[in-house]
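Chain residues, written in single-letter form:
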Amino acid sequence: MITIHLLIVEDEIRLRHALANNIPWDQYGIEVVGQAGNGTEALRLIERKKPEIVLLDLQMPEMDGLTLARKLRQTDPLLKIIVLSGHDDFAYAQEALELGVLKYLLKPAGEEEILMTVLEAAERLKKELEQRHNQDELKEKWKLHLPFLINDFMQGWLNGKFEAWEIEYKSNALQLELTMDDKYAVVVIDMDPISEAEQRFSKRDTPLLQFSLSSIVKEFLQSERCWVSTDYAGCSVVVFQVAGNQEANIVLQKINTITEKLLFTVHSCLRLTASAGISGAIGGGEDMNKLYIQAVRALQNRIVLGHDLAIPYREEQGRELALMLEPNLEKALEIALETGEGDKASEMMTAIWDGAVAKLLTFGDMQEHILYFASLFVRMIQKQGWSVQEVAGDDYMYFVNHRELTTKEQILLWLQRMIKAYLNYANQRRKSTSHSIIKTILSLVEKEIDQEMTLHAVADRLYVNSSYLSRLFKQETGKAFSTYVLERKMERAKATLQEGVRVYDAAAAVGYRDVSYFTRVFRKFWGVTPGEVRN
């Protein structure tokens, strides 16, 4: 189910909380990504959270609802706005509808009516996106040639083939508006593997689907300062241009949000999922190869976390040795290993084998090529900052004493085992990194249990997107983040009440300012009131 993001803008606190918590949004694929008490605050949240639907009050401090609706309509014509107002006035309603407000609801509207209206807005949004990117439009674009020169330049830049002067010279020749003074970030996007249950497409349609993905990415990012190209594997690579001295974490947070919304659009158009890897830093033009490799490594995490995710790169412990990728079979093998594509890695290894070892004639030639393959794996393993001995396990003996490999068949079996060993070790390292993130989150929950805590707030603090964090948390703990936080708050509240603390103080101790609301939540969770537990 595709998740639609909803923002609630209401100055009355109790009503705002009731709208966010009393309606079972998650059962219908709706996620409340934020709450705002006035129009100014709402504008800031909308810029960060990029909701698809806004539930809006009209009479608010600082900026009224109609003014806010007018600004939103200018910046995002696809945004669905629903007004929930206490003004039974035709003039208000007429002006709201003229601004493109989907519906004008009067307070006190029932929860069912509000839910149905939001679901109607979500359905309309999906149809508009599907119409905007219909299959006829994609087929028409398929007939057009890609700008080969620009794509070749981008791939050379990403793979570290050019010196700084070459980048500037070639980009000027291609009329690309880039400068070496700007900073850049990289996102690599790929269609997820086609499931066995999929009837419309098969693996033979992969080139068409990758072209369709590239077309959607280019259209979606028209207003962004970026370039879109296609790499050797058919993935779409986006290079974001970062002007000025913007803070890296803020830039990457915005790119996370944009990428997440892009994946939602891909799903809406193709009814298939895609995933993305995002570089863990921004850098200059000379850092492009490093940023690209980071994004590729991040994308490989979908093997562990699942599909339909925007995944940020997280630095693993260990050395990172500089190595430029070359456009040959070795490079293809290395990237296939980094992206976790075992079949592709085996295919590239077979191609290298067929071009070299399979044609050897003498024992001396065979020994030379064993050294070549051993150095190839040592280079790739050490580039990750890993120990060759740890990765290879029992096969490490062949690195130390390669004369133990006496036949071509034995060499090939060793190489295939090394591919599997590399992929298994990479999976273990990624799981270890995930455990570190979850440990940080659990610590935050315990330290700040007396505050209101949401998944989006925690994701912002860790500079990752909320969908990635939600999937990771549930995978590691077996529970949704909101469920875990509620359980910890209720357990802490119960323990505090049993010590004789007043209900008001117990509520404050776990982040509830509204005692009556705390009482309802407590009773629903434990089956008794706070007062009964205290007594």
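You'll find the structure just up there.
A separate point is the nonpolar core. One finds L333, L337, F377, F399, W414 and L415 to be the most contacted residues of the largest nonpolar core, which totals 33 residues. Secondary structure elements with two or more residues in this core: α13 (329-338), α14 (342-355), α15 (363-383), α16 (388-392), α17 (397-400) and α18 (408-447). In terms of residues, this core owes the most to one element, α18, which gives 9 residues. When near neighbours in sequence (up to four residues on either side) are disregarded, F399 contacts A374, F377, V378, V388, A392, W414 and M418.

The next subject is the packing of aromatic side chains. If you walk through the whole model with that rule in mind, you get 17 aromatic pairs. Ring centres of W386 and Y422 lie 5.2 Å apart, and the angle between their planes is 55°; this geometry places the pair in the tilted category. Here Y422 lies in helix α18 and W386 lies in the loop between α15 and α16, a separation of 36 residues in the sequence. Judged by relative accessible area, W386 falls into the buried class, the value being 6%. Consider the rings of Y396 and F399, whose centres lie 6.3 Å apart with planes at 25°: the pair is stacked. We classify Y396 as partly exposed; its relative accessible area is 27%. Judged by its relative accessible area of 17%, F399 falls in the buried class. Through successive ring pairs, a cluster of aromatic residues spans Y512, Y517, F518, F522, F525 and W526. For the cation-ring pair, K494 lies above W526, with the distance from its terminal atom to the ring centre recorded as 4.2 Å.

Calculation notes
- Residues numbered from 1 in each chain as written.
- Predicted model: local features only at pLDDT ≥ 70, side-chain atom pairs only at ≥ 80, totals over all residues.
- Heavy atoms only, no water.
- Core = buried A, V, L, I, M, F, W, Y, C linked by side-chain atoms within 4.5 Å.
- Buried < 20%, exposed > 50% of the residue type's maximum accessible area, 1.4 Å probe, protein only.
- Helix = DSSP H or I, 4+ residues; strand = E, 2+ residues; numbered from the N terminus.
- Contact = heavy atoms within 4.5 Å.
- Phe/Tyr/Trp six-rings, centres within 6.5 Å; stacked < 30°, edge-to-face > 60°.
- Lys NZ or Arg CZ within 6 Å of the ring centre and 35° of its normal.

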